[in-house]
Amino acid sequence: MFRKILIANRGEIAARIIRTCRKMGIETVAVYSEADHMAPYVQQADESYLIGPPRVSESYLNTSRIMEIAKITHADAIHPGYGFLSENGKFAEECAAEGVIFIGPSSSILKQMGNKIAARKAMKAAGLPIIPGTDDAVDTVKEALSAAREIGYPIMLKATAGGGGIGMEVVHTDEELIRAFESNSKRALSFFGDGSMFIEKKIENARHIEIQVMADQHGQAVHLYDRECSIQRRNQKVVEEAPSIFITEKTRKLMGEAAVDAIKQLGYTNAGTLEFLVDSQENFYFLEMNTRIQVEHPITEEITGIDIVEEQIKIAGGIKLAIRQEDVHVDGHAIEVRIYAEDPITFFPSPGHISTFELPVGQCIRNETAVAADYDVTPFYDPMISKLIVKGNDRDAAIRLLKQALSEYKIEGIRTNIPMLLKIVEHEQFIAGNTTTSFVDQFYLQQNKEN
């Protein structure tokens, strides 16, 4: 097993990984930018090193500096968390060349799944149903218009190398597509170094349901059931729960088995998530695969009792999965909400100084935080500052606990989306479980317009 792990990330996920490493008796190395020098995770790690200025290209994406620190500290492995370098096949290759274990799948898998078109083709070959769309990238507006007319509006315009909702837009007409194509392509090029786009049919009133999978280096693979992540703003998740209350046990079984079969055919190892869109008839379609730990992994841990980060580390160390599918059971219901430093109506980021930061505490309440009181939220990174996770014996109990916990959250000095989250969890459609990917547009934003 590893003696020391460098965490090539920041914020709450860095703190989360440090916690599991400490439990396993593994030393940790944190890296931080100048903007993060006061971040809690920096003090929590056994060793911490400055890697550069605030800009991610000069810090958290600075692979040469990260590798230099890995060598200096004699780190055995690097855990990339999510975002940044977590799905970067070239970085995984660099780790292998330097004799440092990358805690994740192989570089070839990262490259294949990191390209949305290649991923679609691979999963189609593995037997998963695919959303109708283009089989190759569309390079010009003319090609995009031709494809959209053939597929039929509304469509989803997407960056082939995208993620986190970046370079993605729903389009209803030719005029909208002409306007959206160039701007999204430029944005994708800026964020991912690849401005190529593709098109998928927009599945109306769909559910966004994903399957968590784990696979070792010895051919053993399991799924850890499902999560529903349909409540999103700007194509980015804000509320997640496990398990989904929408799908039947028959569909749950089919999705889980299909996901495991697919990763076995790919030769996938480590943790991963297959995301699906599910229509009103419970037909499910492969959307994308995230080849890393997910932001919402805690709700799966809460209902299964399995530490996913620990399993990631063990798998990367060559240890066989001790878990068999028959050992994985769902216990209760868990919900996670993402706390953002942002305006709750416009969703614009709200950086600034946090003067007060008080978390809800209690049985079955879990907090994953990136900040603390007397801390400056900078404009350089994603505005998510913490995650609140609750677990109940059933969904109703989880919702009651979530309302209580959110009402006890106290953050002063910046604006947050807590008012939005309270409105969502108190909304009759949420309570009824009618949470499609259109929920925020149909109910939350519409309600605010009326008020």
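Everything below is about the structure printed above this text.
Structural notes, computed from the coordinates. (Residues numbered from 1 in each chain as written. Predicted model: local features only at pLDDT ≥ 70, side-chain atom pairs only at ≥ 80, totals over all residues. Heavy atoms only, no water.)

With that settled, the discussion passes to helix α3 (residues 63-73). Residues T63, I66, M67, I69, A70 and T73 constitute the buried set of α3. On an axial view of α3, the arc spanned by its buried residues comes to 160°, and they lie on one face. (Buried < 20%, exposed > 50% of the residue type's maximum accessible area, 1.4 Å probe, protein only. Helix = DSSP H or I, 4+ residues; strand = E, 2+ residues; numbered from the N terminus. Arc of directions from axis to C-beta.)

A word on the packing of aromatic side chains. For the coordinates displayed, the defined rule picks out nine aromatic pairs. Here the aromatic rings of F191 and F192 are separated by 6.3 Å at their centres, their planes lie at 50°, and the arrangement is tilted. You can call F192 partly exposed: its relative accessible area is 30%. Through a chain of ring-to-ring contacts, the aromatic side chains of Y60, F84, F380 and Y381 assemble into a single cluster. It is R395 that lies over the ring of F430; its NZ or CZ is 4.7 Å from the centre. (Phe/Tyr/Trp six-rings, centres within 6.5 Å; stacked < 30°, edge-to-face > 60°. Lys NZ or Arg CZ within 6 Å of the ring centre and 35° of its normal.)

The next point concerns the side chain of R120. Position of R120 relative to the elements: it lies in helix α6 (residues 116-125). Those residues within four positions of R120 in sequence are excluded, and the remaining contacts are I130, I131, P132, G133, T134, D135, F198, E200 and F286. (Contact = heavy atoms within 4.5 Å.)

Further remarks concern unusual backbone geometry. Here Y153 and P154 are connected by a cis peptide whose omega angle stands at 0°. With respect to the helices and strands, the residue P154 is situated in the loop between α7 (141-151) and β6 (155-159). The peptide bond linking A242 to P243 adopts the cis configuration, its omega dihedral lying at -5°. Here P243 lies in the loop between β11 (236-242) and α9 (249-266). Not every positive phi belongs to a glycine, and N235 is a case in point at roughly 60°. Topologically, N235 is positioned in the loop between β10 (221-233) and β11. The class for N235 is partly exposed, based on a relative accessible area of 31%. Phi is positive for D374, which is not a glycine, with a value near 65°. Examined against the element boundaries, D374 turns out to sit in the loop between β17 (365-369) and β18 (375-377).

We now examine the pairing of strand β9 (residues 207-215). Of all the nine residues making up β9, nine are buried; the element is thus mostly covered by neighbouring parts of the structure. Alternating positions in β9 separate into two faces, R207, I209, I211, V213 and A215 on one and H208, E210, Q212 and M214 on the other, with burial throughout. As defined by bridge partners, β9 adjoins strand β12 (residues 270-278) across nine bridges and the pair is classed as antiparallel. Following the sheet pairing, E210 is matched in β12 by E275. Two elements, β9 and β10, share six bridges in a ladder whose sense is antiparallel. For M214, the partnering residue across the bridge sits in β10 and is V222. Between β9 and β10, which pair antiparallel and follow one another directly, the connecting turn spans five residues, one of which, G219, has a positive phi of 90°. (Pairing = 2+ DSSP bridges.)

Two quantities define a packed helix pair, namely the angle between the axes and the distance from one axis to the other. Packing of helix α4 (residues 89-97) against helix α5 (residues 107-114) leaves a shortest axis separation of 8 Å and a crossing angle of 175°. In terms of axis orientation, α4 runs roughly antiparallel to α5. Here G89, K90, A92 and E93 of α4 lie close against α5, whose contacting residues are S107, L110 and K111. Class assignment for the residues of the contact of α4 with α5 results in two nonpolar, two polar and three charged. (Axes fitted to C-alpha atoms, helices over the stretch in contact; angles between N-to-C directions. Parallel < 35°, antiparallel > 145°, perpendicular 65-115°, else oblique. Nonpolar A, V, L, I, M, F, W, Y, C, P; charged D, E, K, R; others polar.)

Moving on: the pairing of β11. Extensive coverage of β11 is indicated by the burial of seven of its seven residues. With four bridges joining them, β10 and β11 adopt antiparallel strand pairing. Within β11, the position partnered with E228 by the bridge is E241. Taken together, β10 and the strand that follows it, β11, pair antiparallel across an intervening segment of two residues, in which R234 is found at a positive phi of about 55°. For β11 and strand β14 (residues 333-340), the ladder comprises four bridges, and the chain directions are antiparallel. In the sheet register, E241 faces β14, and the bridge partner there is I335.

By the element assignment, T251 lies in helix α9. For T251 and E282, which are 31 residues apart along the polypeptide, the C-alpha to C-alpha distance reads 7.0 Å. Residues in contact with T251, not counting those within four places in the same chain, are E282 and F284.

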